[in-house]
Number of protein chains: 2
Amino acid sequence: MLTQEELSEYCKNAHENYLPHISIDCVVFGFHEGVMKVLVLKIKNDEWYLPGGFLLKTEPIEMAANRILKERTGLDDIFLQQFHVFGDPQRSKEHFDMYNDMLPPEQNWFANRFLTIGYYALVDFCDVNPTPDQLSVSCTWCDLHEVPKLKLDHTLILKTALDTLRLQLNYQPIGYNLMPKQFTMPELQKLYETILDKKLDRRNFQRRMLGFGILKRSNEPRKGGAHKAPYLYSFDLENYEAALKEGFKGGW
Amino acid sequence: MLTQEELSEYCKNAHENYLPHISIDCVVFGFHEGVMKVLVLKIKNDEWYLPGGFLLKTEPIEMAANRILKERTGLDDIFLQQFHVFGDPQRSKEHFDMYNDMLPPEQNWFANRFLTIGYYALVDFCDVNPTPDQLSVSCTWCDLHEVPKLKLDHTLILKTALDTLRLQLNYQPIGYNLMPKQFTMPELQKLYETILDKKLDRRNFQRRMLGFGILKRSNEPRKGGAHKAPYLYSFDLENYEAALKEGFKGGW
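Here is what the cut-offs are and how they apply
Counting starts from 1 at the beginning of each chain's written sequence and moves along it residue by residue. Following the order in which they are written, the chains are lettered starting with A and the ligands numbered starting with 1. The predicted nature of this model means local features are confined to residues of pLDDT at least 70 and side-chain atom pairs, given and counted, to a pLDDT of 80 or more, with totals for whole chains, interfaces and linings taken over all residues. Note that the side-chain values use all heavy atoms of the structure and ignore hydrogens as well as water. Labels follow the DSSP assignment, with helices taken as runs of H or I lasting at least four residues and strands as runs of E lasting at least two, numbered in each case from the N terminus. Burial classes follow relative accessibility: with a 1.4 Å probe on protein chains only, a residue under 20% of its type's maximum area counts as buried, one over 50% as exposed, and anything between as partly exposed. Residue contacts are defined here by distance: any two heavy atoms, one from each residue, within 4.5 Å place the two residues in contact. Buried area counts how much accessible surface, traced with a 1.4 Å probe, disappears from two parts once they are put together, with both parts' losses summed. Polar contact criterion, stated in full: a pair of N or O atoms within 3.5 Å, where within protein one must be able to donate a hydrogen and the other to accept it, and residues adjacent in sequence count only if both atoms are side-chain atoms. The length a helix should cover is 1.5 Å for every residue beyond the first. Two axes enter the bend calculation: one fitted to the seven residues ending at the residue in question, the other to the seven starting there, and the bend is the angle between them. In this comparison the copies share one frame, found by least squares on the C-alpha atoms of residues holding pLDDT of at least 70 in both. In plain words, nonpolar cores are sets of buried Ala, Val, Leu, Ile, Met, Phe, Trp, Tyr and Cys residues tied together by side-chain atoms within 4.5 Å. Stacked, tilted and edge-to-face are the three classes applied to pairs of Phe, Tyr and Trp rings, where Trp contributes its six-membered ring and a pair requires centres within 6.5 Å; stacked means planes under 30 degrees apart, edge-to-face means over 60, and tilted covers the rest. Whether a charge sits over a ring comes down to the Lys NZ or Arg CZ being within 6 Å of the ring centre and within 35 degrees of the ring normal. As a rule, the C-alpha atoms of each element are fitted with a line to give its axis, helices using only the stretch in contact, and angles between N-to-C directions run from 0 to 180 degrees. Angles below 35 degrees are treated as roughly parallel, those above 145 as roughly antiparallel, those between 65 and 115 as roughly perpendicular, and all remaining angles as oblique. Residue type decides the class: Asp, Glu, Lys and Arg count as charged, Ala, Val, Leu, Ile, Met, Phe, Trp, Tyr, Cys and Pro as nonpolar, and the leftover types, Gly among them, as polar. We treat two strands as partners when DSSP finds at least two bridges between them. The salt bridge criterion pairs a side-chain nitrogen of Lys or Arg with a carboxyl oxygen of Asp or Glu, the two atoms within 4 Å. A pair of cysteine sulfur atoms is labelled a disulfide when the two atoms are within 2.5 Å.

A. Structural view of the overall build of chain A. Looking only at helices and strands, chain A has seven helices and nine strands in total. Dimensions of chain A, computed from the C-alpha atoms along their principal axes, are close to 70 × 40 × 30 Å. Within chain A, the fraction of its 252 residues that count as buried is 53%. In chain A, of all internal contacts separated by at least 6 residues, the share reaching a separation of at least 24 is 74%.

B. Looking closely at the interface of chain A and chain B. Contacts between chain A and chain B engage 39 residues on the former and 39 residues on the latter. Here chain A packs against chain B, burying approximately 3000 Å² in sum over the two surfaces, 68% of which is carbon and sulfur. Joining chain A to chain B, the criterion identifies 11 residue pairs in polar contact (both at pLDDT 80 or more). Elements represented by at least two residues in the side of chain A that touches chain B include exactly β1 (18–32), β4 (52–56), α2 (61–73), β5 (79–86), β6 (115–124), α5 (185–196) and α6 (202–211) of chain A.

C. Focus on unusual backbone geometry. Backbone geometry places D197 of chain A, a non-glycine residue, at a positive phi of 60°. Its location among the elements puts D197 of chain A in the loop between α5 and α6. Of note, the phi angle at H21 of chain B is positive, near 75°, even though the residue is not glycine. Checked against the element boundaries, H21 of chain B lands in strand β1 (residues 18–32). Of the residues examined, H21 of chain B reaches a relative accessible area of 10% and is grouped as buried.

D. Examining helix α1 (residues 4–17) of chain A more closely. Residues and elements named next belong to chain A. Look at α1: 20 Å from first C-alpha to last across 14 residues, which is about the 20 Å you get at 1.5 Å a residue. C11 marks where α1 bends most, by close to 35°. Within α1 the residues assigned to the buried category are L7, S8, Y10, C11 and A14. The elements touched by buried residues of α1 are β1, β4 and α3 (93–99).

E. Quick look at the relation of the copies chain A and chain B. You can overlay chain A on chain B at an RMSD of 0.0 Å; the transform is a turn of 180° with a shift of 0.0 Å along its axis. The superposition of one copy onto the other is thereby described by a two-fold rotation axis. The residues that chain A uses at the interface reappear at the interface of chain B in 100% of cases, marking a shared surface.

F. Structural context of the nonpolar core. Core analysis: the largest hydrophobic core is formed by 52 residues, its most contacted members being I24 and I117 of chain A together with I24 and I117 of chain B. Discounting residues that sit within four places of it in the chain, I117 of chain B has contacts with V85 and L115 of chain A together with I22, S23, I24, D25, I61, Q82, H84 and V85 of chain B.

G. Focus on helix α4 (residues 154–168) of chain B. Between the first and last C-alpha of α4 of chain B there are 21 Å, a value that for 15 residues agrees with the 21 Å anticipated at 1.5 Å per step. Those residues of α4 of chain B not exposed but buried are H154, I157, L158, T160, A161, L162, T164, L165, L167 and Q168 of chain B.

H. Broad picture of the packing of aromatic side chains. Considering all chains together, one arrives at 33 aromatic pairs over all chains under this definition. Here K37 of chain B stacks its cationic end above the ring of F125 of chain B, 5.5 Å away from the centre of that ring.

I. Inspection of the packing of helix α5 (residues 185–196) of chain B against helix α6 (residues 202–211) of chain B at higher detail. Residues and elements named next belong to chain B. At a minimum axis distance of 10 Å, the contact between α5 and α6 shows a crossing angle of 95°. By the angle between their directions, the pair α5 and α6 is classed as roughly perpendicular. Taking contact as the criterion, the partners of M185, L188, Q189 and Y192 in α5 are, on α6, R202, F205, Q206, M209 and L210. A breakdown of the residues in the contact of α5 with α6 according to their chemical character gives six nonpolar, two polar and one charged.

J. How the structure looks around the pairing of β1 of chain B. Residues and elements named next belong to chain B. With 14 of its 15 residues buried, β1 lies for the most part within the structure. As paired strands, β1 and strand β6 (residues 115–124) are joined by 10 bridges and run parallel to one another. Opposite F29, over in β6, you have L122 as the bridge partner. Sheet topology note: the β1/strand β2 (residues 35–44) ladder contains four bridges and is antiparallel. In the strand pairing of β2, G30 is matched with K37.

K. Inspection of the side chain of R72 of chain A at higher detail. All names here are of chain A. Topologically, R72 is positioned in helix α2. At 3.2 Å, the side chain of R72 forms a polar contact with the backbone oxygen of P132. With residues near it in sequence (within four places) discarded, R72 still touches L39, L41, P51, N129, P130, T131, P132, D133 and C139.

L. Focus on the pairing of β6 of chain B. All names here are of chain B. Among the 10 residues of β6, 10 are classified as buried, and the element is accordingly described as predominantly covered. Pairing geometry for strand β5 (residues 79–86) and β6, over seven bridges, is antiparallel. Of the residues in β6, the one forming a bridge with H84 is G118.

M. The pattern of salt bridges, seen in detail. In the structure shown here, the tally under the stated rule is 22 salt bridges over all chains. With a closest N to O distance of 2.8 Å, R67 of chain A and E59 of chain A form a salt bridge. By relative accessible area, E59 of chain A is classed as buried at 7%. Of the charged contacts in the structure, one is a salt bridge between K151 of chain B and E94 of chain B, with a shortest N-O distance of 2.9 Å.

N. Main features of the state of the cysteines. Following the criterion strictly, the structure yields zero disulfides over all chains and no others. Unpaired in terms of disulfides, C26 of chain A finds its nearest cysteine sulfur in C139 of chain A, a separation of 11 Å.

Okay, structure coming up:
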C-alpha cells in the first residue's frame, strides 16, 4: 500500500498515464467444489471494494481488464465478460471524499467523475494468489453470502454481475475453466446449483444439459469407487464456443 | 447542419459542456407491419453514421441516451437497453481525420480517444419524426438488409446490437410498445420472424409464447372479418416487467 506521500503523488500524476473519467471494476467469482466466493479488497478498517483500476491512454479496454485481474489474481487469460457501465454522476463522490484532503480538486484525480465499466470473471479460487493493489491493505476471497457492505456503488455492481451471470445460464454455456477436463453430470449440476443458490432436479438438469449439445460423453466410466460408476463428460469445445457466441440451440 | 465556422467553434468548446473520451451511440430498430429498419444519419456523400452524441458533465448516462434519441426521433420514454462499450483505441481515428484540418489537435474535441456506450432502442417507425443532428444533413430509416457501410466502428455496433437483441429473444420478453394494445398470435409471431429474419413454426411459437406466462387472452375474439375469428391477446404487464428483470420462467 502506498504511503500518504506516495498516494498524493499518484493522485497528482494519474492523468499523465490514464484516460480520465473512466474506470474498470471487476467482479471475480471464485468456485471450488460447491463453494462460491467473490474477490474483495480492503482499503482500511471496514472499507471494502471490488478490484478495479484505470485505463491506460492507448490501451484497449479488454486488455486493461485483463491487466487489472492479472495483478490481483496472478492469472492470465481469465474468462472475462463485460456486463454493464455504471454512470451515476454521484457514484464516485465517496472516493473523492476519501482522498479530498490530499490535494486541491483541480489536481486530484479522484475529484473527477468516473464512469466504470463492469467485467465479471469466473475462476477456480484454488488457482488464485490474491494480491492487494497500491490503495489497499489486503485482497481476499469472501463467501458470497457474507460479503460486507462495499464502498461506492460496488454492492450494486456485484448484484448486477450476479443477476447477469444467472440470466446467462439460460442461454450460454458455462463451466469451462471451472470444471476438470472430465467430470460427471452431478459435478456439473453442483456448479449450476452453486451459482443459482438452489437445488435442481437431477433428471431435468441432465436432459436439458444434454439437449444443449455442448457435452461429449466418454466411453469409459470413472475408474474405481462405486459399484455403478458414473459416466464422464467433457465439453465439446467447438459447440461450446459457438453457443457462447450465438446462444444455445433450441432458441427460436 | 453547422457551417464550417460553427463546426470549428463546436470542436473548440465541446470540452466545456461534455465529459471527454465518452460518447453514446444508439441503434434504433424501427418496426411496422413486418418490416424492420434502422435509423441512420448522413454526414455527407456516402458517409453514414448511427445517431449518437456526448455526455453532459453531470448527466446520468441513461438520461443522455434518452436525450439524444428524443432529439433524433421526437419520442419520449423509448425502451432503451445499454448493450456494450466499444473501446478500441483506434475506433475514433476516422472521426479525427474528418475534422483534423479545422483546429490544432490540442484544441480539437475530435482528436480525443472516445469510448462509446452502445444503446439499442425498439420503436414503431410510424411514430418517429427523423431529425438530423448538427453534424449531419439527413436522418432516415434504412431497411436492415440495405444499410450502407457505416463510418468508424458503427457497422460493428449495429451487428452487436442485432446479435444481442436476437439472443435476448430467448430469455426476455419483447413487443410492448411495438404491438397494438391487443393483437393476435400470428401478429406477434410476425414480429419475432422479422427480428430473427426467418420463419417460425406456428404451433411451437404459440406453445412456447404461452408458456412464458406474459400474455393475457381476451374473452372476445376480434370482431368482423373471418369466419373463425382469432383470439386476441395483450401483455400481462406485471409478468412482462418481472420477466424483463429476471428472465422467463422455465429457466433453471
